[in-house]
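Each chain, letter by letter, is given below.
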Amino acid sequence: MAFTIKLGVADFAKYRKTQSYYVDKTGFLEQFLLDWDEVTLFTRPRRFGKTLMMSMMAEFLDITKQSAELFEGLAISRNEKLCQEWMNQYPVIFLTFKDICDPTCEQAINHITDLIAEYISKHLYLLESPRIAPNRKQALHALFQKQADALTMKKSLYILCNSLFEYYKKPAIIIIDEYDVPVSNALNMKFYDEIMEFMRMFMSISLKENNYMMFGVLTGCLNILKASVYTGLNNIKVFGISENKYADAFGFTEDEVRRMLETFGLEDKMEEVREWYDGYHFGNREDIYCPWGITNYVSDHVTSSCESPQAYWLNTSGNDIARNVLAKTDINLTEKIEKLIDGGSIRFLFRKQMNYADIYTSESYFWSLMYLTGYLTMANEAQQKSYGRLLNKEDIVCCIPNKEVAGVWQTQVQQWFASVLQKQDGNNFTTALWQGDCAGLENILVSILLKRLSVHDLREYAYHVLLVALFPDGYLVKSNRESGLGRYDILALDGDRNRAAVIEVKRADTEQQLAARAEEALQQIAEKMYDTDLRTELRSPTILHYGIAFCGKLCKVLMREAQP
């Protein structure tokens, strides 16, 4: 059978009704339904298959569906007793909040109102049934017409549960996917307190002591349910990325990835895929891959004969949190970010429970957020041992999981540098650059390092991204590309004026080494012939070679014009 890859489709039924390749995660149902809790929260990073998993669960349980054909041949179908007991046996309320990214609180609540009305539109029999009490019908009509008052809207899930119970004489199952997206978005849009006033009652009324609910299942990035904003919800069992149970339920395991690659004739790509998309440690599993990266990688190779892996996560909603925090926080994170990008690890106090509002208040909250949202993962055993005995039992040691996420970090850090540099800095920098004014460049760079950036022990990479960020719009700036006999640091092309600059960056351990390191950088440009590609792209260009050495907040700039 020839399979296709569906990207961005999170509807289980749609997956199964087409010839789409599906990684069988239905074994999760057997594990969960044999040992469920009143309310269960699964926290995983974005793009780890939570919505598809919840869609699959809803399809299996929903009393209004006939789902046996969809599950035929999948792992859960082999457990006939469980299928008889659970398949299509309970009313299900399934909502996903993943798209509630509205600019105002009113619009966000209206978005949730739309979801409730859409659900009722698929269960219009409730509005006419004599089994439903008149006052309940009145509330349902108001919700369906989007004319309910604020209190009725906050009680909407509870009203739906009660109505479904009256109709089917069975308690309802509530499934809310990405429950914390409205809260995360509200923090960015500056209406956090307003949305929390709504969400607190909306969630608590339906999930706490609801006699018409069988159980509830939620997914999200963070556990904010047990924090102060949801103090009434103490009946929740949380399974996060540090828990062993359900460790392989979300995300792909190495065996699942290998079978997928073999199916599409890409088994020779396993090592490359492992380097780019593996590296996540969930509980006791050290072989978890991000599904978004894998499915995009396979799709690109099958449909367009793509030869190189890409950072597919870069332009998704999965990385907006770090971008916003790096732009707004006053906490000095530079040294540890550089260490991570250099392939190292960091230790911090892991906060299992937190509010989104906490992330700007302390370093431990920031790093915990990065861990929970997929920017970091547990370090390997050797890296953990290098820290010796941890002083606090809640301390963890983390690193960047793979090449894809390392690329996201690099891009976000570069944007962060750009956000703190004024436009005038870039204009002054490029003016001095094209004039060959080494002393002027030194003064500009030292001024920026001293006055604009709160950094101390800068590594070579930080200087590199600082220089890239200084070029204003209109320049073609490339970095870490192969040319000649090696890989240059930075190449800036001003095609309109037929000129270019090749920059090699070095870091000196002492101020006395600056001149020698800058000269070493110049010699490397010449010996490795980094300007080879420029000479073929431009006709008789002006090419400037720059060797720039940094030591803390000092620098030395040397320049030579390339010979024709």
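So, how was this worked out
- Per-chain numbering applies: the sequence of each chain, read as written, is numbered from 1 onward.
- In keeping with the model being predicted, local features are shown solely for residues with a pLDDT of at least 70 and side-chain atom pairs are shown and tallied solely at 80 or more, while totals for entire chains, interfaces and linings include all residues.
- Hydrogens and water are ignored here; the side-chain numbers use all heavy atoms of the structure.
- One bridge is not enough; two strands pair if DSSP finds at least two bridges between them.
- Numbering of helices and strands starts at the N terminus; helices are DSSP runs of H or I of at least 4 residues and strands are runs of E of at least 2.
- In this analysis an axis means a line fitted to C-alpha atoms, helices contributing only their contacting stretch, and an angle means the value between N-to-C directions, from 0 to 180 degrees.
- It only takes one pair of heavy atoms within 4.5 Å for two residues to be counted as in contact.
- Only protein chains enter the area calculation, which uses a 1.4 Å probe; residues under 20% of their type maximum are buried, those over 50% are exposed, and those in between are partly exposed.
- Stacked, edge-to-face and tilted are the three classes for Phe, Tyr and Trp ring pairs, Trp counted by its six-membered ring, which pair at centre distances within 6.5 Å; planes under 30 degrees apart are stacked, over 60 edge-to-face, the rest tilted.
- For a lysine, the NZ atom is tested; for an arginine, the CZ atom; a charge sits over a ring if that atom is within 6 Å of the ring centre and within 35 degrees of the ring normal.
- As used in this record, nonpolar core signifies buried Ala, Val, Leu, Ile, Met, Phe, Trp, Tyr and Cys residues forming a set joined through side-chain atoms within 4.5 Å.
- pLDDT runs from 0 to 100 and stands for how confident the predictor is about each residue.
- For this analysis, a polar contact is any N or O atom pair within 3.5 Å, provided that within protein one partner can donate a hydrogen and the other can accept it, and provided that sequence-adjacent residues contribute only side-chain to side-chain pairs.
- Our angle categories are set so that under 35 degrees counts as roughly parallel, over 145 as roughly antiparallel, 65 to 115 as roughly perpendicular, and the remainder as oblique.
- Under the grouping applied here, Gly and all other residues not named as nonpolar or charged are polar, the nonpolar ones being Ala, Val, Leu, Ile, Met, Phe, Trp, Tyr, Cys and Pro and the charged ones Asp, Glu, Lys and Arg.

### Notes on the sheet that holds strand 3 (residues 172-177)
- Taken in spatial order, the 5 strands make up an open sheet running 2-3-4-1-5, and their pairing is parallel. Lying at the two open borders of the sheet, with one neighbouring strand each, are strand 2 (92-96) and strand 5 (236-239). Across the sheet, the axes of successive neighbouring strands diverge by a mean angle of 15°, strand direction being ignored.
- Note that strand 3 and strand 4 (residues 213-220) share 5 bridges and pair parallel. Looking at the pairing, Ile-175 lines up with Val-217 of strand 4.
- Most of the contacts of helix 10 (residues 156-168) go to strand 2, to which it runs at about 155°, and overall it touches strand 2, strand 3 and strand 4.
- Running over the sheet, helix 12 (residues 192-207) touches strand 1 (39-43), strand 3 and strand 4 and is turned about 145° from strand 4.

### Some thoughts on unusual backbone geometry
- Positioned with a positive phi, Tyr-246 is a non-glycine residue whose angle comes to about 65°.
- Summarising the element assignment, Tyr-246 is placed in the loop between strand 5 and helix 13 (254-263).
- One non-glycine residue, Met-529, adopts positive backbone phi at about 55°.
- Secondary-structure assignment places Met-529 in the loop between helix 24 (514-528) and helix 25 (532-537).
- Residue class for Met-529 comes out partly exposed when judged on its relative accessible area of 39%.

### A look at the environment of Pro-130
- Structurally, Pro-130 can be placed in the loop between helix 7 (125-128) and helix 8 (134-144).
- For the pair Pro-130 and Glu-166, spaced 36 residues apart in sequence, the C-alpha to C-alpha distance is 9.7 Å.

### Regarding the packing of aromatic side chains
- Counted according to the given criterion, the structure contains 42 aromatic pairs.
- For the ring pair Phe-42 and Phe-250, a centre distance of 5.5 Å and an interplane angle of 50° mean the geometry is tilted. Here Phe-42 is found in strand 1, whereas its partner Phe-250 is found in the loop between strand 5 and helix 13, with 208 residues between them in sequence. Taken as a pair, Phe-42 and Phe-250 share a single burial class, namely buried.
- For the ring pair Phe-60 and Phe-71, a centre distance of 5.2 Å and an interplane angle of 80° mean the geometry is edge-to-face. Of this pair, Phe-60 sits in helix 3 (residues 50-61) while Phe-71 sits in helix 4 (residues 68-71), placing them 11 residues apart in sequence.
- Every member of this aromatic cluster is reached through a ring pair, and the members are Phe-28, Phe-32, Trp-36, Phe-42, Trp-86, Tyr-90, Phe-215, Phe-239, Tyr-246 and Phe-250.
- One Lys or Arg, Arg-47, reaches over the ring of Trp-292 and ends 4.0 Å from the middle of that ring.
- Its guanidinium or amino end placed over the ring of Tyr-90, Lys-170 lies 5.4 Å from that ring's centre, counting from NZ or CZ.

### Some remarks on the pairing of strand 4
- Judged by how many residues are buried, strand 4 sits mostly within the fold: 8 of 8 residues are covered.
- Examined bridge by bridge, strand 1 and strand 4 share 5 bridges and lie parallel to one another. Looking at the pairing, Phe-42 lines up with Thr-219 of strand 4.

### As for the nonpolar core
- Counting residues in each nonpolar core, the largest one holds 103 residues, and the members touching the most others are Trp-367, Leu-376 and Trp-409.
- Sequence-distant contacts of Trp-409, that is, excluding residues within four places in its chain, are made with Ile-337, Ile-341, Phe-366, Trp-367, Met-370, Tyr-375, Leu-376 and Ile-400.
- Core analysis: the second largest hydrophobic core is formed by 36 residues, Leu-29, Leu-52, Met-87 and Tyr-246 among them.

### Focus: the confidence of the model for the protein
- When pLDDT is averaged along the protein, the result is 87, and 89% of the positions lie at 70 or above.
- Per-element averaging of pLDDT across the protein places helix 16 (residues 320-328) at the bottom with 63 and strand 3 at the top with 98.

### Section: the side chain of His-301
- Take His-301: it is sitting in helix 15 (residues 291-303).
- Looking at His-301, the relative accessible area reads 11%, which means it is buried.
- Reaching out from His-301, the side chain makes a polar contact with the backbone oxygen of Tyr-297 at a distance of 3.0 Å.

### Quick notes on the packing of helix 13 against helix 15
- Across the interface, helix 13 lies against helix 15 with an axial gap of 11 Å and an inter-helix angle of 10°. Here helix 13 lies roughly parallel to helix 15, going by the angle between them. Contacts from Val-257, Met-260 and Leu-261 in helix 13 reach Ile-294, Thr-295 and Val-298 in helix 15.
- For the contact of helix 13 with helix 15, a count of residues per class yields 5 nonpolar, 1 polar and no charged.

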